[in-house]
Amino acid sequence: MILIYTIVILMGGGLLAFLLGQWNKSLPRWIALCTVSVGFVVLVSFWIERYRAVNIHLSNTWMIDYRHDWIPSFGISFHLAIDGLSLLLLVLTFFLGILAVLCSWNEVKERAGFYHFNLLWILAGISGVFMAMDLFLFYFFWEIMLIPMYFLIGIWGSENRVYAACKFFIFTQASGLLMLLAIIGLYFIHGRNTGIYTFNYFELLGTAISPNVAFWLMMGFMIAFVVKLPIVPFHTWLPDAHSEAPTAGSLILAGLLLKTGAYGILRFVLPLFPEASRVFAPWAMLFGVIGIIYGAILAYSQTDLKRLVAYTSVSHMGFVILGIFAFNELALQGVVMQLVTHAISTGALFIMAGMLKERLHTRDINQMGGLWAQMPQMGAIAMLLAMASLGLPGLGNFIAEFLILLGTFKANVLLTVIAAIGLVFSAIYSLRIVQKVFLGPSERSYQVRDFSFREIVIMAALTLSIVWLGLYPQPVINTAKPMIMKLEHIFSAENKNMEKENPSVTPLNMHKYLVNNKE
Amino acid sequence: MKSSISIEMVMLLAGLLFVLGIAGVIIRKNIIFMLLSVEVMLNASGLAFVAAGSRWAQPDGQVMFIFILAMAAAEVSIGLALILQIYHQHKSLDIDKLKEMKG
Amino acid sequence: MNNLLWLVPALPFAGFLILALAGKQLSRVWVAMIGAGSVSLSAIVVLIIGISFLSQPPANGNYSQTLWTWMQVAGFNPKITLFLDALSLVFVFVITFIGALIHIYSVAFMADDKDYSRFFACMNLFVFSMLLLVLADNLLLLYLGWEGVGLCSYLLIGFWYENPANGYAARKAFIITRVGDTAMAIGLFVIFYQFGTLAIPDVLAKAPVLWHQGAQMATITALLLLAGGVGKSAQLPLQTWLPDAMAGPSPVSALIHAATMVTAGVYLIARMHIIFQLSPIAQMIVAVIGAATLFIAGFSALTQYDIKRVLAYSTISQIGYMFLALGVGAWTAAIFHFMIHAFFKALLFLAAGAVIETLHHEHNMFKMGGLKNKLPVIFWTFLIGSASLAALPLISAGFYSKDQILWYAWASESGNPLLWFIALLGAFITAAYTARMMILVFWGEAKTEIGHHPGKLMTVPLIILAFFSLFAGFIELPHNFGHLTLFSNLLHQVLPEAVLKAGMNTELQFQILAFLSTFGGIYLAYIFYYKQPQRIEKLKQSGFVMNLYLFWFSGWGFDKLYNVLIVNPVVFIANINKSDVVDKLYQGITFVTIRLYRFLSFTQSGSLRWYIMGLVIGAIIILSIQIML
């Protein structure tokens, strides 16, 4: 029931904020803060409570499984379940949710009720995506997180907001429809094979599909997720959306929305289409590496601070796709770490960009410079974040990138070496941010104030967690472990099959041969 | 009474009337005349219905004609009302001058 | 003593935390107390540990203390473990003691700086990272320290951030070393997949079992690690960052860019010596890189006019000697030279800093001069440091350490006469530029008025360092006289002895040649810069000499080469693609769509009669199709 509560609490809080926002301007943000905090506390206490259990029962992946019929005639059920990966991402969602509310505390003055309604409904959609175990429900939540985001960018964004909002919407919607097609295709194939028409993830897991069809179905899912992630060449919505969105919007986009793509690949693409993924893996890894380098080079040339950070996201997400398709535990753990740490470090950079814009009324880094003298605290934090972004050991991102590269090294040496060059580029663009914004001479005549108390709280929370993840990442690793072991198990079994020239038929893989022969 | 006029002739007349109506709608610039031409087209189809009804000795043809009559009456009243409004607003009944709704 | 180990890095780290979080609120006295005090306390702890280590050597030759498990993933479980053996002990000793002295010096040197607490915070963080680097039990923790010192180096080179040139130098240092670091990270991957662990003792134990002598994997691994070392230690071809790094305050140059951080590469190779021993090719490359670097950097040092840049090139050159020693298998000689070099080079930088500050931030040696009598303490300490750098025979510590390297460059099994000759030539150049620097700064007539004299806090560390620069050499005397091997005895617990060629002549001949080259160099400088300065002017008339001079002055054109080959193309591509060429594709799609709908909307004329016409034509077409079919 805790799963339903988390969604209901967000949706209800959103509605309440919307209604009460009509007659009081500051009420919505308090409501939003309360709802998200309650959710956060509930989830964290659940995590701590289960943490020991996770360590003990490696075989038991699923922590909670809730199922209720929704539209039984089509085999659609309201099916929520979480494992370690979902739990981590949910905690992250609520953590960043709190910060999103806090960082827009004074930023939003118009239609505060509707703003917080949208904010909370995005979070509800994202939580739903991380929990849904029914493909139809998953698609439903996928759309729920999209529409409020569209409003958030389109109404509260900066100058070019409508263009950015439309671009964001069209990219994600078009790719989402491909996923819907693939879901329906899978639904019918499974129904025809077994006579049971269902959208249930667990039922669909073992579906036998001919390789060709599987490849196209996988591509349907893949494109939806890859656009969200995003991977070059589907990344161009991201800089626009990130740079035009309000601070909280950028935070949620970078911190959470991108993660839904990676989550989708881990949860759906790999388990549903293991063989097709294996065929596609070299290409996916190649695209990941291209993304790493291309994003980094683009990031270097940007002058708009938020755009710059957005392109660094493209670069960092390249590591994610690279790691996922390496199919081994090291890389996959690295991917999970990357999801969490990138959310924190890049989210923090976006928040900082928002703070700078609030003070200087510009995002152009050529008009900044020398801010350290006036804002040493922010400068120090920015330095730390830049270091996180370039993967300095001791900070969370290093663990993530190191594990990913270590894992992919086993899968593909050449691509790993090229990806490692991305580390050099990340140093170049990260240091450029610090240099352009905080160092150098200052030509400002007016005083710029350093952090306020609220901002210190936000930044302290983010930096402490990034340091914690860098020095003791074990809780995250352990929590994600059962799920990752399972994934790796799928692919190590595949491995053995692939290695043999003419594999014998065993009860484990019998269905494949039966199906393949039939067609 | 045995009809001496063959169905083909009636149909031909109906077709002729219909074409005349279309030609009127296309050629005329004045909206009122276009409305009149539309009426001609309606009546042409009505004639065809009635003729067909009598040919196969079915009542449906006449039923349809009554529908058409009712519809034509409604159409004329709404059409005239619209024309009045158009004239009020634009001081003209020339269809070629009323091209506000273009893409 | 085991349990005290964590205190060594923890003390500077605590200092860093306090200064970083509350530095603004603390008074200057407190900042100085915490900043210098934490490192000094750490040095005292090292002393205690060191005494116990030497008096009661641990059974397995090391102390180790596990703090916690960093992570555990799929058989990859690096621990946060501190590990102290004889090799680390030498490094830890140098880092904390010289670190403490430099911190004390900085208390006075930085006294007027507005970012006092930031300076000490960064310095403390540096000492922490460096200690972690040398105390790390596994390569990942070493990598943490490795990158940590890189960060501190970046922060401190760019310490005076108002000047964009300093920021540029800082970024250059970070990025160039990062290139090496990335190669090293790949080396760690290889090691992990070969041995299934990154713990240094395990790797070293397994390497000879897994790899035979000259194995290809050993060469690859060694070269990747070497790339890391080359970046950090400013060796060819990644040496270009170090001269620019002199933009930082002088104590920073002394601590980071002379005594400790830049020798991290030496530490890494010495630490992983078993892997290098397994690969004669890699060993040879190390030696060749060292020799080439010491040669190239020596000539560059000869042409600089900025006193700190002279010292920077000299540092590159001296580390070249250490690499040469490592390459020919004279492990202890390299470490010995590291220690002596740390003393005298820190001394030289600190003294140079004092000179620069006294002369109102004048870096140009040609505008100095005549300081011999005005700043006697600085003069004498600088002289001692210079003597050690030039390896003045018998009385300076530098002689004993460099002499060993020269000897092994030929006499060791993998040494050869060419390496020896380059090293000897290097010694000659070293003596020449050192003497040139001394003469220009301290002799001749005064060209700049001196400001206030350096205080006690600055001179006392100089005197202590000068003491060590003179006498530290006596713990390791050559075979032919004294034959004292206190230092190498200690290190032979960890590092193997150099294997000598059979049938070598006695060391004496080599010592005489080294002796001659040193005095030759000094004499050369004496002639050109003191006795007959007009000769320089005459030389400058010649176009060839001038070009050569400019070539050497620019560090053999490496900066230009890299700019043309790498930096400019990348920047060009980045700038040309600022608006993202991929986005053009999508913009093209929207463009086509807009055109298409414009075209279609053209048919929506608003003329009712057109529409009806269309309707009729359509009906006619459909009907005729119907009839025809």
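Residues numbered from 1 in each chain as written. Chains lettered and ligands numbered in written order. Predicted model: local features only at pLDDT ≥ 70, side-chain atom pairs only at ≥ 80, totals over all residues.

(A) Structural view of the overall build of chain B. When you go through chain B residue by residue, the secondary structure sums to 3 helices and 0 strands. Listing each helix as α and each strand as β along chain B from the N terminus yields α-α-α. Burial status across chain B gives 14% buried among its 103 residues. Long-range pairs, those at least 24 residues apart, make up 47% of the contacts in chain B between residues at least 6 apart in sequence. (Helix = DSSP H or I, 4+ residues; strand = E, 2+ residues; numbered from the N terminus. Buried ≥ 20, exposed ≤ 12 C-beta atoms within 10 Å, placed from the backbone. Contact = placed C-beta atoms within 7 Å.)

(B) Here's a closer look at the overall build of chain A. Along its length, chain A carries 19 helices and 2 strands. Relative to the globule expectation of 24 Å for 519 residues, the C-alpha radius of gyration of chain A, 22 Å, shows essentially globular dimensions. Counting every position in chain A, which comprises 519 residues, the buried fraction comes to 60%. A separation of at least 24 residues holds for 80% of the contacts in chain A among residues at least 6 apart in sequence. (Rg over C-alpha atoms; globule rule 2.2 N^0.38 Å.)

(C) The arrangement of the interface of chain C and chain B in detail. In this assembly, 10 residues from chain C lie in contact with 10 residues from chain B. With 5 residues, the top contributor of residues to the side of chain C that touches chain B is helix α26 (residues 608–628) of chain C. By residue class, the composition of the side of chain C that touches chain B is 4 nonpolar, 5 polar and 1 charged. (Nonpolar A, V, L, I, M, F, W, Y, C, P; charged D, E, K, R; others polar.)

(D) Representation of the interface of chain A and chain C within the structure. In this complex, chain A contributes 40 residues to the contact, which on the side of chain C involves 37 residues. When contributions to the side of chain A that touches chain C are tallied by element, the ones reaching two or more residues are α11 (274–301), α13 (329–360), α14 (376–389), α15 (396–411), α16 (413–438) and α18 (474–499) of chain A. Ranked by the residues each element gives to the side of chain A that touches chain C, the list is headed by α16(A), at 9 residues. A class-by-class count of the residues in the side of chain A that touches chain C yields 29 nonpolar, 9 polar and 2 charged.

(E) Region of interest: α26(C). Helix length check: α26(C), at 21 residues, gives a terminal C-alpha distance of 30 Å against a target of 30 Å (1.5 Å per residue), a fit within 8%. Among the 21 residues of α26(C), 0 are classified as buried, and the element is accordingly described as predominantly exposed. (Expected span 1.5 Å × (residues − 1).)

(F) Up close: the confidence of the model for chain A. Taken residue by residue, chain A gives an average pLDDT of 86. The fraction at 70 or more is 93%. A low-confidence stretch, residues 499–519 of chain A (pLDDT under 50), is modelled with 11 contacts involving residues beyond four sequence positions or located in other chains. (pLDDT = per-residue confidence, 0-100.)

(G) Molecular detail of helix α1 (residues 2–20) of chain A. Across its 19 residues, α1(A) extends 26 Å between first and last C-alpha, which sits within 8% of the 27 Å expected from 1.5 Å per residue. For α1(A), the set of buried residues is A:L3, A:T6, A:I7, A:I9, A:L10, A:M11, A:G13, A:G14, A:L16, A:A17 and A:F18.

(H) Structural view of the nonpolar core. Membership of the largest hydrophobic core comes to 443 residues, with the highest contact counts inside it found for C:L324, C:A325, C:A334, C:F343, C:A346, C:L350 and C:A423. Top contributing element to this core by residue count: helix α15 (residues 331–358) of chain C, with 21 residues. With residues up to four places along the chain from it excluded, the contact list for C:A325 reads C:A330, C:A333, C:A334, C:H337, C:I405 and C:Y408. Grouped together as the second largest cluster of nonpolar side chains are 6 residues, B:A14, B:A44, B:L47 and B:A51 included. (Core = buried A, V, L, I, M, F, W, Y, C linked by C-beta atoms within 7 Å.)

(I) Seen up close, unusual backbone geometry. All names here are of chain A. The peptide bond linking L229 to P230 adopts the cis configuration, its omega dihedral lying at -10 degrees. As for its position among the elements, P230 is in the loop between α8 (211–228) and α9 (237–244). Here the bond from V232 into P233 is cis, since omega is 10 degrees, no more than 30 degrees from zero. Note on placement: P233 falls in the loop between α8 and α9. At F327, a residue that is not glycine, the phi angle is positive and equals roughly 55 degrees.

(J) Region of the structure containing the packing of α13(A) against α14(A). Residue and element names in this part refer to chain A. Interhelical geometry of α13 versus α14 gives an angle of 145 degrees and a closest axis separation of 9 Å. Crossing hand, α13 versus α14: left-handed. Listed contacts from α14 to S345, A348, L349 and M352 of α13 are M378, A382, L385, A388 and S389. Per-class residue counts for the contact of α13 with α14 are 7 nonpolar, 2 polar and no charged. (Axes fitted to C-alpha atoms, helices over the stretch in contact; angles between N-to-C directions. Left-handed = near helix turned anticlockwise from the far one by under 90°.)

(K) View of the environment of A:L257. All names here are of chain A. Tracing the chain through its elements places L257 in helix α10 (residues 247–272). On the basis of neighbour counts, which here come to 23 C-beta atoms within 10 Å, the residue L257 falls in the buried class. A C-alpha to C-alpha distance of 7.2 Å links L257 and I126, two positions 131 residues apart in sequence. Other than its neighbours up to four places away in sequence, L257 contacts M145, M149, K228 and I252.

(L) View of the environment of A:F327. Residues and elements named next belong to chain A. Position of F327 among the secondary structure elements: in the loop between α12 (305–324) and α13. Since 24 C-beta atoms lie within 10 Å of it, F327 is described here as buried. It is 19 Å that separates the C-alpha atoms of F327 and S86, two residues lying 241 residues apart in sequence. For F327, the residues in contact, after removing those within four places along its chain, are A281, A411, E488 and F491.

(M) Focus on the environment of A:R454. All names here are of chain A. Checked against the element boundaries, R454 lands in helix α17 (residues 453–471). A sequence separation of 171 residues divides R454 from W283, and the C-alpha atoms of the two residues are 45 Å apart. The contact partners of R454, leaving out residues within four places of it in the chain, are L102 and W105.

(N) Representation of the packing of α10(A) against α12(A) within the structure. All names here are of chain A. Relative to each other, α10 and α12 sit at 15 degrees, their axes nearing to 11 Å. Here α10 is positioned roughly parallel relative to α12, judged by the angle of their axes. The element α10 and its partner α12 pack so that their crossing is right-handed. Counting all contacts with α10, which are made through S250, A254, L258, A262, I265 and L266, the residues of α12 involved are K306, S313, M317, V320 and I324. Looking at the contact of α10 with α12, its residues break down into 8 nonpolar, 2 polar and 1 charged. (Parallel < 35°, antiparallel > 145°, perpendicular 65-115°, else oblique.)

(O) Looking closely at the pairing of strand β2 (residues 76–82) of chain A. Residues and elements named next belong to chain A. Most of β2 is tucked away, with 5 of its 7 residues classed as buried. Of the strand pairs in this sheet, strand β1 (residues 64–71) and β2 are connected by 7 bridges, and their pairing is antiparallel. Looking at β2, one finds that Y66 is bridged to L80. (Pairing = 2+ DSSP bridges.)

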